[in-house]
Amino acid sequence: MKIEEVVKSSVSMGLSQKAVLNIIYTQNNINERLIEILKPYDLSNEQYNVLRILRGQKGSPANMCVIQERMIAKTSNTTRLVDKLLVKELVTRKVCKENRRKIEVLITEKGLAILKELDPKVDHYEKDIVANLTSGELEQLNHLLEKIRIK
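Keep in mind it's a predicted model, so treat the numbers as computed, not measured.

Student: Which residues make up the side chain of Asn45, and what are the values?
Tutor: Of note, Asn45 is situated in helix 3 (residues 45-55). A distance of 3.2 Å separates polar atoms of two side chains, one belonging to Asn45 and the other to Asn31. In this view, Asn45 contacts Asn31, Leu34, Ile35 and Leu38; residues no more than four positions away in its chain are not counted.

Here it is as structure tokens:
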């Protein structure tokens, strides 16, 4: 469906406006679909992102700065996200012995188990989103999106 139909616009849009609206609309659509997958696990997109970052640490703790710099949504309140995951027993948090100002966060076995259960569902979701694109189109899309972010 064309973006003009989605926003029910009868006014002609410039290419830049159309491209930006398409990106925003598509991003919202992708997020909504991920939210539906995560809902039964009582996880937000951001909490899921934190769990994946911590799993990527392969058993080593991550401090709040490391988590924040690896977050997809850089505006996320990392402390609040970790607190919520702590209550759900998906992460542990402790003060670093070498630097008492540093908080170390680790994913728990329960957190790893949830990710293991989610992995095939998220993999299917990601493949389904781009199912209409060829490999060449996917490469081009990735290139164009990366090019947009270069400033």
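Student: Which residues make up unusual backbone geometry, and what are the values?
Tutor: Of note in the backbone geometry, Asp42 takes a positive phi value of approximately 55° without being a glycine. Take Asp42: it is sitting in the loop between helix 2 (15-38) and helix 3. A residue is classified by how much of its surface remains accessible, and Asp42, at 53% relative accessible area, is exposed. A positive phi angle, near 50°, is found at Lys58, a position not held by glycine. Along the chain, Lys58 falls in the loop between helix 3 and strand 1 (62-63). Given the relative accessible area of 73%, Lys58 is considered exposed.

Student: Which residues make up the sheet that holds strand 2 (residues 91-95), and what values do they have?
Tutor: Strand order in this open sheet of 3 strands is 1-3-2, and the pairing throughout is antiparallel. Both outer strands of the open sheet, strand 1 and strand 2, are each paired with one neighbouring strand and no more. Where helix 3 meets the sheet, its contacts fall on strand 1, strand 2 and strand 3 (103-107), and the angle it forms with strand 3 comes to roughly 90°.

Student: Just give me the short version of the environment of Gly59, but keep the residues and values in it.
Tutor: Position of Gly59 relative to the elements: it lies in the loop between helix 3 and strand 1. On the accessibility criterion, Gly59 (63% relative accessible area) is exposed. On a C-alpha basis, the gap between Gly59 and Thr108 in space is 9.4 Å, while along the polypeptide they are 49 residues apart.

Cut-off values and rules
Residues numbered from 1 in each chain as written. Predicted model: local features only at pLDDT ≥ 70, side-chain atom pairs only at ≥ 80, totals over all residues. Heavy atoms only, no water. Helix = DSSP H or I, 4+ residues; strand = E, 2+ residues; numbered from the N terminus. Polar contact = N/O pair within 3.5 Å; in protein donor to acceptor, adjacent residues only side chain to side chain. Contact = heavy atoms within 4.5 Å. Buried < 20%, exposed > 50% of the residue type's maximum accessible area, 1.4 Å probe, protein only. Pairing = 2+ DSSP bridges. Axes fitted to C-alpha atoms, helices over the stretch in contact; angles between N-to-C directions.

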